[in-house]
There are 2 protein chains.
Amino acid sequence: MDVATDGLDAATKASLERLAVSRADAGTVLFRPGDDAAGFVLVHEGRIGVYLTGRSGRDILLYSVERGQTCIQTTLGLLGGEAYTGEGIAETPIAFSVLPRGDFMALMENSAPFRAFVFRSFAGRLNDVTRLLEQVAFVRVEQRLARVLIERAGEDGTVHLTHQALASAIGSAREVVSRRLEALRSRGLVELDRGLIRVADRPGLRHLAEGE
Amino acid sequence: MDVATDGLDAATKASLERLAVSRADAGTVLFRPGDDAAGFVLVHEGRIGVYLTGRSGRDILLYSVERGQTCIQTTLGLLGGEAYTGEGIAETPIAFSVLPRGDFMALMENSAPFRAFVFRSFAGRLNDVTRLLEQVAFVRVEQRLARVLIERAGEDGTVHLTHQALASAIGSAREVVSRRLEALRSRGLVELDRGLIRVADRPGLRHLAEGE
DNA sequence: ATCGCTTGGTGATCTTGTCACTGAAACAGC
DNA sequence: GCTGTTTCAGTGACAAGATCACCAAGCGAT
């Protein structure tokens, strides 16, 4: 799942590292559905969330782009001329650089390791989205919720997300998440606070997340 | 959406056309989740459906592979070492050829048009799956059903699919499809027969499919 | 004809999504 | 401190969809 810049040859790496680094605050909207891709985006620090939004206003997290990864929506746009379908939001303060279209094409032409990197990114995202589809289509909300809580819990078992943010992460509605969380709490699996969930019984939650 | 072999240079095209052509009957299972990719698959005739199956046994059509297209699940396997997550079934009698792994890698290395073709395929599939996710996550069953009926209806407005097949196509359950179809019938939008749906009011159905 | 299989219909029940509110906590400015 | 304002969370009522457990037709083979 993690697509690192590892495996790139020194020359390619150097040309990527020469790029100017931009920064953006948490919460910045980096691109919206319909935008054209400006260039190949590489994330150095922080996390970008790419969301799909339905007409009703409900949204779902397609995938996250973290350090060393690239936003393949952009690549998709560069290679196929298709515009974004998702919305990109900085979830933390981020640092990134943009490789202009022409330079990107040249690298694709000349660097086999770079091509491999881009392909791996693609493959990883396709897998992410497919797995997400599987979850949304076939898995109960409670189980999806348990999974996200496990994934997002820090060392101390805390998850700093609102019910709304959790709902977006699993593609459900806030009210549903509230009720499911209350159900988990009543079983002693989590503790609840405003904007904060504490995982109280990690093995129990993991068991739920695995299904059965 | 359609990823044709158009745009390939003559040399690449020739080397693809030298491959031996295999055939398979409708209904043949071509690959299952967990299988390793044998090589790069190119479809000459017919249609392959790639399905994702949940534990419950319910399944959903990820995408179809038609004439001139390639099954990117395979490519994904070749490039990233990931196994299939979907199940491939011949929906019609098919003719296809397989480009062995080594030859595939060589083409990727040496032919820019071939690389572009593979990238376009990837981009198309990622788009397909994303759109499907959007449908499943945010769109009503009735609307998804209407859309599929429009897409699959022949010149004469007939759709030769069972309720179960329709349910798989939209990622729902057979009973739900039966009930929704009955609702459409009562509104005069379709006529029903065993294994056959006739679109009676195409504009009306299309209107439904567009949403609102 | 009749056995077996596929296809489709139906009621009951549970889960999930949606709508319309309410209340509680956090926060900014005075 | 208070006072609005905003964000977050809880709740009841109801609609949509999934699941389960059946049953009944249609169809093909022998």
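Residues numbered from 1 in each chain as written. Chains lettered and ligands numbered in written order. Predicted model: local features only at pLDDT ≥ 70, side-chain atom pairs only at ≥ 80, totals over all residues. Heavy atoms only, no water.

Caption draft 1: Quick look at the relation of the copies chain B and chain A. With an axial shift of 0.0 Å and an RMSD of 0.0 Å, the rotation relating chain B to chain A amounts to 180°. Viewed as a symmetry operation, the transformation between the two copies matches a two-fold axis. Both copies contact each other with a shared surface, as 100% of the interface residues of chain B are interface residues in chain A too. (Least-squares fit on C-alpha atoms with pLDDT ≥ 70 in both. Contact = heavy atoms within 4.5 Å.)

Caption draft 2: View of the pairing of strand β4 (residues 48–53) of chain B. Residue and element names in this part refer to chain B. Across the 6 residues that make up β4, a large majority, 5, are buried. Taken together, the 6 bridges between β4 and strand β5 (residues 59–65) define a ladder with antiparallel strand orientation. What sits directly across from threonine 53, in β5, is aspartate 59. What sits between the antiparallel neighbours β4 and β5 is a turn of 5 residues, in which glycine 57 has the positive phi angle 100°. Bridging between β4 and strand β6 (residues 87–90) involves 4 bridges; their strand directions are antiparallel. Bridge assignment links glycine 49 to a residue of β6, and that residue is isoleucine 89. (Buried < 20%, exposed > 50% of the residue type's maximum accessible area, 1.4 Å probe, protein only. Helix = DSSP H or I, 4+ residues; strand = E, 2+ residues; numbered from the N terminus. Pairing = 2+ DSSP bridges.)

Caption draft 3: Up close: the domain arrangement of chain A. All names here are of chain A. Taken domain by domain, chain A consists of domain 1 (10–110) and domain 2 (138–210). For domain 1 versus domain 2, the separation of C-alpha centres amounts to 28 Å. Counting residues at the interface gives 6 residues for domain 1, matched by 8 residues for domain 2. Carbon and sulfur atoms make up 44% of the surface buried where domain 1 meets domain 2, a total of about 500 Å² over both sides. Ranking the residues of domain 1 by area buried against domain 2 places Arg58, Asp59 and Leu61 at the top, with a combined share of 65%. At the surface where domain 1 touches domain 2, the tally comes to 0 salt bridges. (Domains from an automatic or database assignment. Buried area = accessible area lost by both parts, 1.4 Å probe. Salt bridge = Lys/Arg side-chain N within 4 Å of Asp/Glu carboxyl O.)

Caption draft 4: Spatial organisation of the sheet that holds strand β1 (residues 22–24) of chain B. All names here are of chain B. Ordered by their spatial adjacency, 3 strands build an open sheet running β1-β7-β3, and the pairing between neighbours is antiparallel. Of all strands in the sheet, those with a lone pairing partner are β1 and β3 (39–45), marking the two edges. Going across the sheet, the axis of each strand differs from the next one's by a mean of 35°, ignoring polarity. Bridging between β1 and strand β7 (residues 94–100) involves 3 bridges; their strand directions are antiparallel. Across the sheet, alanine 24 pairs through a bridge with isoleucine 94, a residue of β7. Strands β3 and β7 of the sheet are contacted by helix α3 (residues 101–110), whose axis makes an angle of about 75° with β7. (Axes fitted to C-alpha atoms, helices over the stretch in contact; angles between N-to-C directions.)

Caption draft 5: Examining the confidence of the model for chain A more closely. When pLDDT is averaged along chain A, the result is 88; 95% of the residues meet or exceed 70. The complex model carries a pTM of 0.90, and its ipTM stands at 0.89. (pLDDT = per-residue confidence, 0-100.)

Caption draft 6: Spotlight on the packing of helix α6 (residues 163–170) of chain B against helix α7 (residues 174–186) of chain B. Residue and element names in this part refer to chain B. Contact geometry for α6 and α7: axes closest at 8 Å, N-to-C directions at 105°. The angle between α6 and α7 falls in the class roughly perpendicular. Contact with α6, carried on its side by His163, Gln164, Leu166, Ala167 and Ile170, involves Arg174, Val177, Ser178 and Leu181 of α7 and no other residues of that element. Taken together, the residues that form the contact of α6 with α7 break down as 5 nonpolar, 3 polar and 1 charged. (Parallel < 35°, antiparallel > 145°, perpendicular 65-115°, else oblique. Nonpolar A, V, L, I, M, F, W, Y, C, P; charged D, E, K, R; others polar.)

Caption draft 7: Region of interest: the UniProt feature "domain: HTH crp-type" (unreviewed entry) in chain A. Cross-referencing UniProt, the feature "domain: HTH crp-type" (unreviewed entry) maps to residues 139–203 of chain A in the present numbering. In the segment residues 139–203 of chain A, helix accounts for 54% and strand for 15%; the C-alpha atoms at its two ends are 19 Å apart. (UniProt positions renumbered as here; feature names shortened; annotations may be inferred.)

Caption draft 8: Quick peek at the sheet that holds strand β9 (residues 190–193) of chain A. Residues and elements named next belong to chain A. Pairing is antiparallel across the open sheet formed by 3 strands, whose spatial order is β8-β10-β9. Strands with a single pairing partner mark the edges of an open sheet, and in this sheet they are β8 (158–159) and β9. Where β8 and strand β10 (residues 196–199) come together, 2 bridges link them in antiparallel fashion. By the bridge assignment, threonine 158 is partnered in β10 with arginine 198. Contacts from helix α7 (residues 174–186) reach β9 and β10 within the one sheet, and its direction differs from that of β9 by about 130°.

Caption draft 9: Representation of the protein's contact with DNA strand C within the structure. The environment of DNA strand C is made up of 17 residues, and the closest members are A:Ser172, B:His163, B:Arg174, B:Arg194 and B:Gly195. A distance of 2.9 Å separates a phosphate oxygen of DNA strand C from a polar atom in the backbone of A:Val141. Within the side chain of A:Arg179, one N or O atom sits 3.0 Å away from a base oxygen of DNA strand C. Broken down by secondary-structure element, the contributors of at least two residues to the surface near DNA strand C are α7 of chain A together with α7 of chain B. Residue contributions to the surface near DNA strand C peak at 4 residues, all from α7(B). Residue composition of the surface near DNA strand C, grouped by class: 2 nonpolar, 5 polar and 10 charged. (Near = heavy atom within 4 Å. Polar contact = N/O pair within 3.5 Å; in protein donor to acceptor, adjacent residues only side chain to side chain.)

Caption draft 10: Geometry of the pairing of β6(B). Sheet topology places strand β2 (residues 29–31) of chain B next to β6(B); 2 bridges connect them, and they run antiparallel. By the bridge assignment for β6(B), B:Val29 is matched with B:Ile89.

Caption draft 11: Broad picture of the interface of chain B and chain A. Counting residues at the interface gives 36 residues for chain B and 36 residues for chain A. When the buried surface of chain B facing chain A is broken down by residue, B:Phe119, B:Leu133 and B:Phe138 rank first, second and third, together holding 23% of it. Counting across the interface, chain B meets chain A through 2 salt bridges. Between B:Glu109 and A:Arg115 there is a salt bridge, with its nearest N and O atoms 3.8 Å apart. For the side of chain B that touches chain A, the secondary structure elements donating two or more residues are β4, β5, α2 (72–80), α3 and α4 (112–138) of chain B. Considering every element that reaches the side of chain B that touches chain A, the biggest residue donor is α4(B), with 17 residues. Classifying every residue of the side of chain B that touches chain A by side-chain character gives 19 nonpolar, 7 polar and 10 charged.

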